[in-house]
Amino acid sequence: MTTPRSLDRAIADPIGLITDLVADVEKSLGSEIVEAVVTAVAGGRAKSRRLAEVLATRPAVLTDGRSPAPRAVGDLLIALGKAGALAISPPVCAECGKALRSLQRQGQDWYCSVCVKEATECAACGNTRRVTFRDRKGLPRCSMCPDNDDRDPVEVIHAVITAIAPGADHDAVAEALRRSAPHRPAYRQRVVWALEENPRLLTGEGHLAPHRAILRFIDLLDEAGITGIVRPPCPRCHRVVRIDKPLDGQRVCRNCIAKSRIEECVRCGARREPATRDPQGRPLCPNCLIRDPANRETCSICGESRMVNSRTVDGPICPNCRPLPTLLCSICGRTAPCTLSKLTGLPRCGGCDRRQAHCTACGRLRGIHSGSAEAPVCGPCTAPNAELWRPCPTCGEEERLHAPGPCPRCTLKQRLQDLLTNESGAIPPKLRALHDALADTERASTAMRWLSSGIVSTVLSDLSSGRRPFTHEALDELPEGKVVEHIRSVLVATGTLPQRDEQMVRLERHVNDLVTSHATAEGRKILHRYATWHLLRRLRRRSRGKDITHTQLTVVRQHLRAAVHLLNWLENENLTLVTCRQNDLERWTTSDDVRHRREAGHFVRWSLSQKITRDLSFPAVRWNGPSQPIDDEARWATARRLLHDESLKSEDRLAGLLLLLYAQWPAAISRLTVDHIEETDGAVRIRLGDVPVDLPGPLAELALRQVVVRRSHAVLAQTDSPWLFPGGQPGRPISVWAMGERLRKLGIRLAETRSTALFQLATELPAAILARTLGIDITVAVKWQRAAAGDWAAYAAEISRRASRHNHEIESAKRRPDPRDD
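Residues numbered from 1 in each chain as written. Predicted model: local features only at pLDDT ≥ 70, side-chain atom pairs only at ≥ 80, totals over all residues. Heavy atoms only, no water.

Trainee: When you look at the sheet that holds strand 18 (residues 335-340) in this model, what are you seeing that I'm missing?
Mentor: Sheet strands pair by backbone hydrogen bonding; their relative direction is either parallel or antiparallel. Within the open sheet, the three strands sit side by side as 17-18-19. Their pairing is antiparallel. The sheet terminates laterally at strand 17 (326-328) and strand 19 (347-349), the two strands that pair on one side only. Here the average twist between neighbouring strands, direction ignored, is 75°. As judged from the three bridges shared by strand 18 and strand 19, these two strands associate in the antiparallel manner. Along strand 19, the bridge assignment pairs Leu340 with Pro347. (Pairing = 2+ DSSP bridges. Helix = DSSP H or I, 4+ residues; strand = E, 2+ residues; numbered from the N terminus. Axes fitted to C-alpha atoms, helices over the stretch in contact; angles between N-to-C directions.)

Trainee: Would you explain the sheet that holds strand 27 (residues 693-694) in this entry?
Mentor: One open sheet accounts for three strands, arranged 25-26-27; its pairing is antiparallel. At either margin of the open sheet sits one strand with a lone partner, and together these are strand 25 (677-680) and strand 27. Lying over the sheet, helix 29 (residues 697-709) contacts strand 25 and strand 26 (683-686), oriented at roughly 110° with respect to strand 25. (Contact = heavy atoms within 4.5 Å.)

Trainee: Please explain unusual backbone geometry as it appears in this structure.
Mentor: Leaving glycine out, the prevailing phi sign among residues is negative, and the prevailing peptide bond configuration is trans. For the peptide bond that leads from Ser67 to Pro68, omega is 10°, which places it in the cis range. Among the structural elements, Pro68 can be located in the loop between helix 5 (61-64) and helix 6 (71-82). At Lys611, a residue that is not glycine, the phi angle is positive and equals roughly 60°. As for its placement among the helices and strands, Lys611 is situated in the loop between helix 25 (597-609) and helix 26 (632-644). The phi dihedral of Asp615 is positive, around 60°, even though this residue is not glycine. For Asp615, a relative accessible area of 55% translates into the label exposed. (Buried < 20%, exposed > 50% of the residue type's maximum accessible area, 1.4 Å probe, protein only.)

Trainee: Explain the packing of aromatic side chains here, please?
Mentor: One pair of aromatic rings is described through two measures. These are the centre distance and the angle between the planes. If you walk through the whole model with that rule in mind, you get three aromatic pairs. Each ring, one from Tyr530 and one from Phe603, has its centre 4.9 Å from the other, and the planes form 70°; the classification is edge-to-face. Here Tyr530, found in helix 22 (residues 521-543), pairs with Phe603, found in helix 25; they are 73 residues apart in sequence, far enough to count as distant. The same class applies to Tyr530 as to Phe603, namely buried. Centre to centre, the rings of Phe603 and Trp606 are 6.0 Å apart; their planes meet at 20°, and the pair counts as stacked. Here Trp606 and Phe603 lie together in helix 25, a separation of three residues that amounts to about one turn. Residue Phe603 shares its accessibility class with Trp606, and that shared class is buried. Taken together through their ring pairs, the aromatic side chains of Tyr530, Phe603 and Trp606 make up a single cluster. A cation sits over an aromatic face here: Arg635 above Trp636, 4.8 Å from the ring centre. (Phe/Tyr/Trp six-rings, centres within 6.5 Å; stacked < 30°, edge-to-face > 60°. Lys NZ or Arg CZ within 6 Å of the ring centre and 35° of its normal.)

Read these as layout, nothing more, since geometry by itself doesn't imply function.
Encoded structure:
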């Protein structure tokens, strides 16, 4: 019987409620195994809550397996059966009661493959029979009335394309049609019918395609170089990207799908995709969901006030402390959040699940499924007789093949050969290194997905055929975006393109757009002088030939925006920098719409030095110490958690400790290389400034482990990358923003924590040693030392004065006569 308390628990602790309901029925499985299965099936917060509410409302579904019920319930029953549950019923067909191993649904009911084809009226004969297939108009047909089309689909579609692009290669069209739906001949027939009925789908109206296979067919024709075929843009944002999501009768990109789900939050007014809804059904954004005190509790392990996703007898557990059941990993031996391996049924932690290593049995680089950290064993060697493994018809290696055809590695090599081969049948010399790097990459499936996404294949095909030169300027002509930047980074990492400071190029482009878009000629002239001969010149001098960081780019942009805001305000007031007076400037600084006031003061002082204006005063704000409270106890508590919590990623723990103990900004942490870590005579040191710092034992182990296991998430996961924290693009470190996000997820407040660490260090070390050790400027070290009331320069002067006074007293005593001599 459902109680209000159980429904409340379905919201607060859905995983725990589902686990208890299953454990009440199934006695043969341990609670840890049940919880692992439930966690794997339940998914996200909303899905797990719906699943818990359904099971709390009708727990009998666990024993009878009957619908109506959501799909998640059927998935849970199947997963429990695979885990060895005896009392849990599998899902059964709503029509014939047959036990099901996979789900086919109509509405909220489950059916077997026979009963799912419901009886309906055939569009040809009119008899009420089961639907076998549908005709070209989408109408149902029975098995006695097939929609016979004796024409060759290739000939029909070639005739349609020839009318658009005369001389189109017949073999290229046939291959594109085959690859559009390689295992679905019926889909290929539907593609032919749809294009025969509306050929305009091939010339820019592809967003009206009734099937996704049509869009795939258009992309393949475009890759084959058939002229006249136009890849359709997204009808909403007008970008030429992948559009396969249906929305209001059109195919749109995933960004527009996400924007279509945007609603206004009823609490803060922000327009975002709702994370949940209030009891009245009104949308709530993720920030309001997290910040709502009613949804937050104090974690019983780390003490942080966060959203709670599970509970124990000791109290609530936050997602960071226990996202999965904590078990003993069967591979590395660590006690960490684990899932159950499908091959062995044993727990496996997240690090071992993602790790790839050379198998000690076959020697191939594969995912680890059994063995140990020192002697890993791959999947085919763990269960050689499993039905998952089949020999690749091309290379003969045992792989987990989900469909007939070659393995992912052989498919990738063939795809690269098709893309990078020019008209003479050879790969250009400049692309040979790219071909070898992608063909030998550790993750063939990742490289294959990258080649199939966006405009990657188009750009590589243009480079190999000579339609696009091997220059950065040729890539600059493409629409800006992460896909183009990743293509550029891959080409630079393989030596196809030379190195270039992308942040500086992006800043120069932004400066040019900002200056040219200003309204007045005088304002454009001043902005050009300020940006080119002051901001950019100073930035190049400070970078000393190195690539500038994203933080430096952001600072320059803020200074430019401040200058633009001030000049726009002066123009609206019919003023200029020459005619502006102090009362006008003060009127602007005290107005409600003022932005970037501090940066605007820098612009005013520059204009005074250049004699562009006169009689103005905008003094710089002097720094008088940290503005936020210093909480050293919270800093040390977080440091202890990062030192001893093995469930956190080692790279996140190392980065957090560098901030907590050595006051390093995310920008400095992200640019550390393996050369900054030194190991000599059993001591591990890190070089943050001019003088290396000895690392304590636990932190030294984290640093050495990061040097060994560091891994990039890029397509080309180069193991010889010099960066201690590789980023998502080959040959580049992790971005400052991504590093900051990682630290924030650990509960670290960046500015407040760094101020606390720097404040404490300044009270213990002289400014010179602080600057040389932490790699900060000496003036900054002196300011922090004075703010911490630890002026070591005054202390040294006082010691010097004491020594001089003491020596003077000794000399005076020597010159005075001794009274005892009388």
